[in-house]
Amino acid sequence: KIVLLVVAVLVVAFIGMRMLGGGKPKGEAGKPAAAAGRGGGEERNAGPVPVTVVEAARQDVPVYASALGTVAAMNTVTVSPQVGGQLISLNFKEGQEVKKGDLLAQIDPRTLQASYDEAAAAKRQNQAQLATARANFQRSNSPEYRQYVAKTDLDTQRNQVAQYESAVAANEASMRAAQVQLQYTRVTAPISGIAGIRAVDAGNVVSAGTALVTLTQIHPIHVVFNLPERQLPDVRQAQQAGPVTIAALDRNDSHVLTDGGRLDVVDNQISSDSGTFRARAVFDNADNLLWPGQFVNVRMQLRTIAGGVVIPTQAVMRGPDGEYVYIVKPDNTVAMQTVKSGVEVGDSNVQITEGLKGGERVVSEGQFRLKPGSKVTALKPGETPAPPTDAELKAAAQQQGGGGRRGGGPR
């Protein structure tokens, strides 16, 4: 029992010495400090970090409102005949641009021509009877015959003249009505536009109201789009300042289709479902680049910020305290600067509203390896750092060799 007790005391003492570090050799105890010393020396001796640096430029920054729009024809008319009959001919080509008043179709006019001729014949008949009645009344009402004609007969002749005059007027009205119906057999274009695909073929018997073709007016043309309600004050203010210019871009925003548009009208209410309001732009569309039903991206210029500070978008970083950039000082060290970004400028730049001045140098690439106070080598956009010289390579090799000898020395 005494031996076991002694062994247990020795084991406990040994474990306690190990935990307190008393059993660690001096050489091993000195390794962490030496390693820390070498690491700190290497960090202090590290060279400047190559980064891309640009100057904050001052320029006029246009402020745009963008939205997805739909091209709509200014006028769309479905052409239909106003009288029925056999369709003799179609006088247009599908897809052809027609002018207002051009002949589009011809309907058989013979039935309506007969109605017109009948009304004309009845008019001539009543005109002959009217001439006879007038002659009889004038003769009976003359001084030499009036004393021999009863007053009742004179009244009858006078009324007969008025009756035939009314009959002639009715015949003229019938002729005009028949003439109008006869003119309807020639179907003309009510507007200028593009003719679509025809709905019927020549030879068919059509009735009044049968659709023949649809015309769409594309000169000028409309683009309808929606904007969020928060932009309504800016749009109204831009309208009061003058004509608001609008450009139409393709769906990928790769190029501008046409930039000659202008804001035409803003709708009189905001949608409670989507929180947006409708607006409409008008384009001359002289080159037929816009087509009804086409989707385009609308870019409307609201105002221009004079002398705005502009930097590349990738220069702006975001942290817990908001947006910031790295500014390069005259001694080629960097400092963190809090900024506030504004509107986008083009595809790769952004306007800075607070925290930066024109002409200050900011890091646009390589800022993820930096911290405040880091030494940098400023490179221009697209420039690559120069390769190390032989002297720098030799010094680095000697430093690594010296570090190995220091690490491998006797304890």
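Right above here is the structure, for reference.
Residues numbered from 1 in each chain as written. Predicted model: local features only at pLDDT ≥ 70, side-chain atom pairs only at ≥ 80, totals over all residues. Heavy atoms only, no water.

Draft legend 1. A look at the overall build of the protein chain. Along the protein chain, the regular secondary structure elements total eight helices and 20 strands. Evaluated residue by residue, the protein chain yields a buried proportion of 31% over its 411 residues. (Helix = DSSP H or I, 4+ residues; strand = E, 2+ residues; numbered from the N terminus. Buried < 20%, exposed > 50% of the residue type's maximum accessible area, 1.4 Å probe, protein only.)

Draft legend 2. Representation of the nonpolar core within the structure. Among the nonpolar cores identified, the biggest contains 26 residues, and Phe225, Leu263, Leu290 and Met300 are the most heavily contacted of them. Residue assignment for this core shows that the elements contributing at least two residues are β2 (57-79), β9 (213-228), α7 (232-241), β10 (245-249), β11 (256-270), β12 (276-283) and β13 (295-312). If we ignore the near neighbours within four places in the chain, the residues touching Met300 are Val63, Tyr64, Ala65, Phe225, Leu227, Val235, Val244, Thr245, Ile246 and Leu263. Core analysis: the second largest hydrophobic core is formed by 19 residues, Ala189, Ala195, Val206 and Val213 among them. (Core = buried A, V, L, I, M, F, W, Y, C linked by side-chain atoms within 4.5 Å. Contact = heavy atoms within 4.5 Å.)

Draft legend 3. Structural view of the packing of helix α4 (residues 110-140) against helix α6 (residues 151-183). Across the interface, α4 lies against α6 with an axial gap of 8 Å and an inter-helix angle of 160°. Judged by the angle between their axes, α4 and α6 are roughly antiparallel. Considering only the axes of α4 and α6, their crossing is left-handed. Along the lines of polarity and charge, the residues of the contact of α4 with α6 split into 16 nonpolar, 13 polar and five charged. (Axes fitted to C-alpha atoms, helices over the stretch in contact; angles between N-to-C directions. Parallel < 35°, antiparallel > 145°, perpendicular 65-115°, else oblique. Left-handed = near helix turned anticlockwise from the far one by under 90°. Nonpolar A, V, L, I, M, F, W, Y, C, P; charged D, E, K, R; others polar.)

Draft legend 4. Fine view of the packing of aromatic side chains. The full count for this structure, using the stated rule, is one aromatic pair. Here Tyr324 and Tyr326 contribute two aromatic rings whose centre-to-centre distance is 5.9 Å and whose plane-to-plane angle is 90°, an arrangement assigned as edge-to-face. The ring of Tyr64 is capped by Arg299, whose NZ or CZ atom sits 4.8 Å from the centre of that ring. (Phe/Tyr/Trp six-rings, centres within 6.5 Å; stacked < 30°, edge-to-face > 60°. Lys NZ or Arg CZ within 6 Å of the ring centre and 35° of its normal.)

Draft legend 5. Structural detail: the environment of Thr76. On the secondary structure map, Thr76 appears in strand β2. Classification of Thr76 by relative accessible area gives exposed; the value is 51%. Along the chain, Thr76 and Thr216 lie 140 residues apart, while their C-alpha atoms are 4.5 Å from each other.

Draft legend 6. Seen up close, the sheet that holds strand β8 (residues 205-206). The antiparallel open sheet is built from four strands, whose spatial order is β6-β5-β3-β8. Each edge of the open sheet is held by one strand with a lone partner, namely β6 (186-188) and β8. Sheet analysis places strand β5 (residues 103-107) next to β6, joined by three bridges and oriented antiparallel. Each residue of the ladder has a partner; that of Leu103, found in β6, is Thr188. (Pairing = 2+ DSSP bridges.)

Draft legend 7. Focus on the side chain of Ser374. Residue placement: Ser374 occurs in the loop between β19 (361-365) and β20 (376-379). At 2.8 Å, the side chain of Ser374 and the backbone oxygen of Lys371 are in polar contact. If near-sequence neighbours (up to four positions away) are discounted, Ser374 is found in contact with Asn332, Thr333 and Val334. (Polar contact = N/O pair within 3.5 Å; in protein donor to acceptor, adjacent residues only side chain to side chain.)

Draft legend 8. How the structure looks around a nonpolar patch on the surface. There is a patch of nonpolar side chains on the surface, built from Val3, Val7, Val11, Phe14, Ile15 and Met19 and spanning about 630 Å² of accessible area. Among the secondary structure elements, Met19 is positioned in helix α1 (residues 2-19). Judged by its relative accessible area of 69%, Met19 is exposed. (Patch = residues over 30% accessible without salt bridge, like charges linked within 9 Å, V, L, I, M, F, W, Y side chains within 5 Å. Areas by Shrake-Rupley, 256 points an atom, 1.4 Å probe, with all protein chains shown as cover. Salt bridge = Lys/Arg side-chain N within 4 Å of Asp/Glu carboxyl O.)

Draft legend 9. Local environment of the environment of Asn285. For Asn285, the location among the structural elements is in the loop between β12 and β13. When its relative accessible area of 7% is taken as the criterion, Asn285 is described as buried. Considered as a pair, Asn285 and Pro220 are 65 residues apart in the sequence and their alpha carbons are 5.8 Å apart. Side-chain polar atoms of Asn285 contact the backbone oxygen of Leu290, separated by 3.0 Å.

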